[in-house]
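Here is what each chain is made of, one letter per residue.
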Amino acid sequence: MLVKVLILGLVLYVLVNLFRALFVMLRHGEQGQMSRFLGRRLLASFLVLLLVVVLVALGVIEPHSTPY
């Protein structure tokens with residue numbers, strides 16, 4: 001259960017940073033501020049992917065057995 005909450009938290013963090021970068025872009029804010037938000041989003045996305053791969057490899061979570 002804790003693993004699912006951690007993954008959900010990281011995904012929400014990704015979405016928040018994506019929308020913060022969007023609002024900075026729409027307000028014609030600083031380019032550095034927008035790239036900082038996008039960089040955080042990229043790092044969090046990488047952490048989610050890495051966490052899922054490691055947890056599947058360790059057998060903590062199991063993927064679906066059928067692709068449909």
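Let me begin by describing the structure that accompanies this report.

About the criteria used
- Residues numbered from 1 in each chain as written.
- Predicted model: local features only at pLDDT ≥ 70, side-chain atom pairs only at ≥ 80, totals over all residues.
- Heavy atoms only, no water.
- Helix = DSSP H or I, 4+ residues; strand = E, 2+ residues; numbered from the N terminus.
- Rg over C-alpha atoms; globule rule 2.2 N^0.38 Å.
- Buried < 20%, exposed > 50% of the residue type's maximum accessible area, 1.4 Å probe, protein only.
- Phe/Tyr/Trp six-rings, centres within 6.5 Å; stacked < 30°, edge-to-face > 60°.
- Lys NZ or Arg CZ within 6 Å of the ring centre and 35° of its normal.
- Contact = heavy atoms within 4.5 Å.
- Expected span 1.5 Å × (residues − 1).
- Axes fitted to C-alpha atoms, helices over the stretch in contact; angles between N-to-C directions.
- Parallel < 35°, antiparallel > 145°, perpendicular 65-115°, else oblique.
- Left-handed = near helix turned anticlockwise from the far one by under 90°.
- Nonpolar A, V, L, I, M, F, W, Y, C, P; charged D, E, K, R; others polar.

1. Concerning the overall build of the protein chain
Right, on to step 1. A tally of regular secondary structure across the protein chain gives two helices and zero strands.
Right, on to step 2. By the compact-globule yardstick of 11 Å for 68 residues, the protein chain is too spread out, its C-alpha radius of gyration being 15 Å.
Right, on to step 3. C-alpha atoms of the protein chain, sized along the principal axes, occupy 45 × 25 × 15 Å.
Right, on to step 4. Counting every position in the protein chain, which comprises 68 residues, the buried fraction comes to 16%.

2. Description of the packing of aromatic side chains
Right, on to step 1. All told, the structure shown has zero aromatic pairs when counted by the stated rule.
Right, on to step 2. Over the ring of Phe37 we find Arg36, and its NZ or CZ is 5.6 Å from the ring centre.

3. Brief notes about the side chain of Asn17
Right, on to step 1. Of note, Asn17 is situated in helix H1 (residues 2–26).
Right, on to step 2. When near neighbours in sequence (up to four residues on either side) are disregarded, Asn17 contacts Phe37, Arg40 and Arg41.

4. So, helix H2 (residues 31–58)
Right, on to step 1. For H2, spanning 28 residues, the distance from its first C-alpha to its last is 41 Å, which sits close to the expected 40 Å at 1.5 Å a residue.
Right, on to step 2. Among all positions of H2, only Met34, Phe37, Ala44, Val48 and Leu55 are buried.
Right, on to step 3. Looking one or two residues beyond H2, the residue adopting positive phi is Gly59, at roughly 85°.

5. Side note on the packing of H1 against H2
Right, on to step 1. Between H1 and H2, whose axes approach to 8 Å, the crossing angle comes to 160°. The angle between H1 and H2 falls in the class roughly antiparallel. Between H1 and H2 the crossing geometry is left-handed.
Right, on to step 2. Looking at side-chain class alone, the contact of H1 with H2 contains 19 nonpolar, three polar and three charged residues.

These figures capture arrangement, not role.
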